[in-house]
Amino acid sequence: QNQFAEIGRRSAPADTATGGADLGPLLQVFAAPNTRTLGLTATIRPYDSGVSAARVRAGRSSMSAGQREVEQAIAEAELEAVESYSALALAHATLQLADSALQQSERVRQVAAKALESGRAPALELLRAESAVATQRAERIAAQRMQDLAELRLKQAIGVPAMQ
């Protein structure tokens, strides 16, 4: 029944290999049918001066720093887009005010021209009104440029091509 015990008895005669000792009972104990051999190799460092723990912490720290950098970049992009949108809204409101002021100064000029024709106002009043119209046109052009620039900045902030 026990193959190992049988091989052991056949391979070495009792008097030559063992110096005359009978190993039969010993082979039966160590070569029993229910005996199993398990090999396990492990390397355990009882003291590594904290190097491996430091490496783990450094890895976690660098990953956390990378995540913080990504989150910060996203927050900065969102802030830039919001600021650009606010600047565009302000520029649009400024342009509307400049348009309204230009229309009003043109009406004042028309009234001054009719008053000059009827002889009720001196020519100086018409010159002042024309000067105001010229000033308002320049302010309207500046407001239009400010709005165009704010629109381009918003497009750049949200990643839309400038020609769209």
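All figures in this text were calculated on a predicted structure; none of them were measured in a lab.

(A) Fine view of helix H4 (residues 123–158). If you check H4, its first and last C-alpha atoms are 53 Å apart, about what 36 residues at 1.5 Å a residue would give, namely 52 Å. Buried residues of H4: Leu126, Ala129, Val133, Gln136, Ala143, Gln147, Ala150, Leu154 and Lys155, and no others. Directly after H4, the chain includes Gly159, whose backbone phi takes a positive value near 80°.

(B) A look at the pattern of salt bridges. Counted by the stated rule, this structure contains four salt bridges. Among the salt bridges present, the one from Asp99 reaches Arg140, with a minimum N-O distance of 2.4 Å. Highlighted residues: Asp99 in helix H3 (residues 51–118) and Arg140 in helix H4, separated in sequence by 41 residues. A relative accessible area of 26% means that Arg140 is categorised as partly exposed. A salt bridge links Lys155 to Glu151, with the shortest nitrogen-to-oxygen separation between them at 3.6 Å. Remark: Glu151 and Lys155 occur in helix H4; sequence separation between them is four residues, near one turn of the helix.

What counts and what doesn't
Residues numbered from 1 in each chain as written. Predicted model: local features only at pLDDT ≥ 70, side-chain atom pairs only at ≥ 80, totals over all residues. Heavy atoms only, no water. Helix = DSSP H or I, 4+ residues; strand = E, 2+ residues; numbered from the N terminus. Expected span 1.5 Å × (residues − 1). Buried < 20%, exposed > 50% of the residue type's maximum accessible area, 1.4 Å probe, protein only. Salt bridge = Lys/Arg side-chain N within 4 Å of Asp/Glu carboxyl O.

Everything listed is a geometric property; what it means functionally is a separate question.
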